[in-house]
Amino acid sequence: MSQRISILGMGGTGTLAARRLLEAEPDIALTVYDIDPERCEDFRGSATLATSAREALAESDTIVLALPREREIDRTLERFSDGEVTAPVAGKQIIDLAPPPGERARRLGLAIASAGGRYTSLPGLAAEDFSTRLLRVLHCPA
């Protein structure tokens, strides 16, 4: 069975992640989602195009967040004023490509862990080492 990965956020970072993963792992079961469905269209035929963040979360065991702001992360993971993650992340590996800074990323990781998931952030990836580091994390979960 191939690895099931969802990428949420198909701006520049998410699109690069999707392309690199499909090049490196052609048998991967990839799901992509963006609030603007047009951003996912380039992947029609090579990935599942989710219609909601919740669907993308449900489709995969590994979730790659490529979201530009903490606000979008909170909406995606259904983390509201109490700080708890209520989206179904139990048993899932969450990889954040644009994590919030310092203490906020630590609190996000704790909230994901409390909901039964695992959190890893990969800040500041240069294009040349992007696929290498991401694939290493995907093949060696924390």
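You'll find the structure just up there.
Being a predicted model, the structure only gives us computed values, none of them experimental. (Residues numbered from 1 in each chain as written. Predicted model: local features only at pLDDT ≥ 70, side-chain atom pairs only at ≥ 80, totals over all residues. Heavy atoms only, no water.)

## A closer look at the nonpolar core
Most often, soluble globular proteins have nonpolar side chains that are buried together. Residues Leu8, Leu65, Leu77, Val89, Ile94 and Ile112 are the most contacted members of the largest nonpolar core, which totals 20 residues. At the level of secondary structure, the elements contributing two or more residues to this core comprise α2 (53-59), β4 (62-65) and α4 (102-114). The element best represented in this core is α4, accounting for 4 residues. Setting aside residues no more than four positions away along its own chain, Leu77 makes contact with Leu57, Leu65, Val85, Thr86, Ala87, Val89, Leu108 and Ile112. (Core = buried A, V, L, I, M, F, W, Y, C linked by side-chain atoms within 4.5 Å. Buried < 20%, exposed > 50% of the residue type's maximum accessible area, 1.4 Å probe, protein only. Helix = DSSP H or I, 4+ residues; strand = E, 2+ residues; numbered from the N terminus. Contact = heavy atoms within 4.5 Å.)

## A word on the pairing of strand β5 (residues 93-96)
Where burial is concerned, the two faces of β5 agree: the one with Gln93 and Ile95 and the one with Ile94 and Asp96 are both buried. Bridging between β4 and β5 involves 4 bridges; their strand directions are parallel. Bridge pairing links Thr62 to Gln93 in β5. A crossover links β4 with its parallel partner β5, the connecting element being helix α3 (residues 70-76), and its sense is right-handed. Pairing geometry for β5 and strand β6 (residues 118-121), over 4 bridges, is parallel. Bridging from a neighbouring strand, Asp96 pairs with Ser121 of β6. Chirality of the crossover, the property in question, places the unit of β5, α4 and β6 among those that are right-handed. (Pairing = 2+ DSSP bridges. Right-handed = clockwise from strand over helix to strand, strands pointing away.)

## Remarks on the pattern of salt bridges
One pass over the full model with this rule turns up 12 salt bridges. Salt-bridge contacts for Arg44 lead to Glu41; the nearest nitrogen and oxygen are separated by 2.8 Å. The exposure class of Arg44 is exposed, given its relative accessible area of 55%. By relative accessible area, Glu41 is classed as partly exposed at 31%. The salt bridge partner of Glu72 is Arg71, with a shortest N-O separation of 3.6 Å. Judged by relative accessible area, which is 46%, Arg71 ranks as partly exposed. Three or more residues joined by partner-sharing salt bridges are found here, namely Glu70, Asp74, Arg79 and Arg104. (Salt bridge = Lys/Arg side-chain N within 4 Å of Asp/Glu carboxyl O.)

## Notes on the side chain of Ser6
Residue position: Ser6 is located in strand β1 (residues 4-8). Classification of Ser6 by relative accessible area gives buried; the value is 0%. There is a polar contact of 2.6 Å between the side chain of Ser6 and the backbone oxygen of Ala56. Residues within four places of Ser6 in sequence aside, it is in contact with Thr31, Ala56, Glu59, Ser60, Thr62, Ile63 and Val64. (Polar contact = N/O pair within 3.5 Å; in protein donor to acceptor, adjacent residues only side chain to side chain.)

## Considering the side chain of Gln93
With respect to the helices, strands and loops of the structure, Gln93 is situated in strand β5. Polar contacts involving the side chain of Gln93 include one to the side chain of Thr120, which spans 2.8 Å.

## Observations concerning the environment of Arg79
Structurally, the position occupied by Arg79 is in the loop between α3 and β5. Among the residues examined, Arg79 registers a relative accessible area of 10% and is labelled buried. C-alpha separation for the pair Arg79 and Ala111, spaced 32 residues apart in sequence, amounts to 8.4 Å. A polar contact is formed between the side chain of Arg79 and the side chain of Asp74, at a distance of 2.6 Å.

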